[in-house]
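# Analysis of the macromolecular model
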Amino acid sequence: MPAPVPTTTSERLFAQYLDSHGHEGCWEFEPDIAGKNRRPDFRLRWNHCEFLMEIKELVEKTPRPVGHACFTDPYGALRQIIGAGSKKFR
């Protein structure tokens, strides 16, 4: 079976970022982790360390109102995404 490849825009951009910063060949997409059922999106091995990363696509579900003043919490949805992603690392 061929190795998985990044499919979302965010995953592809992150892979390009890693490659452009000298990490080409040092990262894996959706690697197998011994003893774990879930796979993180990326594993980077660099400088004798291993980094596991989960990449999320951020899309605003409700457009912000334009033309009048209002209060919005731009971080609420982001906090939820981070909380859900962190479950993979427990």
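Shown above is the structure to which this text applies.
Please read these numbers as outputs of a predicted model, since none were measured by experiment.

### A short note on the side chain of E11
Checked against the element boundaries, E11 lands in helix α1 (residues 9-23). Buried and without a salt bridge, E11 has R12 as its closest oppositely charged side chain, separated by 6.7 Å. Within the structure, the side chain of E11 is placed 3.1 Å from the backbone nitrogen of T8, a separation counted as a polar contact. The contact partners of E11, leaving out residues within four places of it in the chain, are P6, F29, D41, F42 and I55.

### Overview of the sheet that holds strand β1 (residues 27-29)
The strands making up a sheet are joined through hydrogen bonds of the backbone, oriented either antiparallel or parallel. Ordered in space as β1-β2-β3, the three strands form an open sheet in which the pairing is antiparallel. Each edge of the open sheet is held by one strand with a lone partner, namely β1 and β3 (49-53). Across this sheet, the average inter-strand angle for adjacent strands is 15°, counted without regard to direction. Two strands pair when backbone bridges link them, and strand β2 (residues 42-46) and β3 are joined in this way by five bridges, in the antiparallel orientation. Residue pairing in the sheet places R45 in a bridge with E50 of β3. With respect to the sheet, α1 is in contact with β1, β2 and β3, its orientation differing from that of β2 by roughly 5°.

Cut-offs used in this document
- Along each chain, residue indices are assigned from 1 in the same order as the chain's sequence is written.
- Two thresholds apply to this predicted model, a pLDDT of at least 70 for residue-level local features and 80 or more for giving and counting side-chain atom pairs, whereas whole-chain, interface and lining totals are computed over all residues.
- Water and hydrogen atoms were dropped before computing side-chain values, which therefore reflect all heavy atoms in the structure.
- Secondary structure is summarised from DSSP: a helix means a run of H or I of at least four residues, a strand means a run of E of at least two, and numbering begins at the N terminus for each.
- Only protein chains enter the accessibility calculation, which uses a 1.4 Å probe; a residue is then buried when its area is under 20% of its type maximum, exposed when over 50%, and partly exposed in between.
- Charge convention: Lys and Arg are scored as positive, Asp and Glu as negative, and His as well as the terminal groups of each chain are ignored.
- Definition used for salt bridges: Asp or Glu carboxyl oxygen within 4 Å of a side-chain nitrogen of Lys or Arg.
- Pairs of N or O atoms are called polar contacts if they sit within 3.5 Å, as long as, within protein, a hydrogen donor faces a hydrogen acceptor (for residues adjacent in sequence, only side-chain-to-side-chain pairs).
- Here, two residues are considered to be in contact whenever any of their heavy atoms come within 4.5 Å of each other.
- Note: two strands are recorded as paired if DSSP finds a minimum of 2 bridges between them.
- Helix axes are fitted only over the stretch in contact, all axes being lines through C-alpha atoms; the angle between N-to-C directions runs from 0 to 180 degrees.

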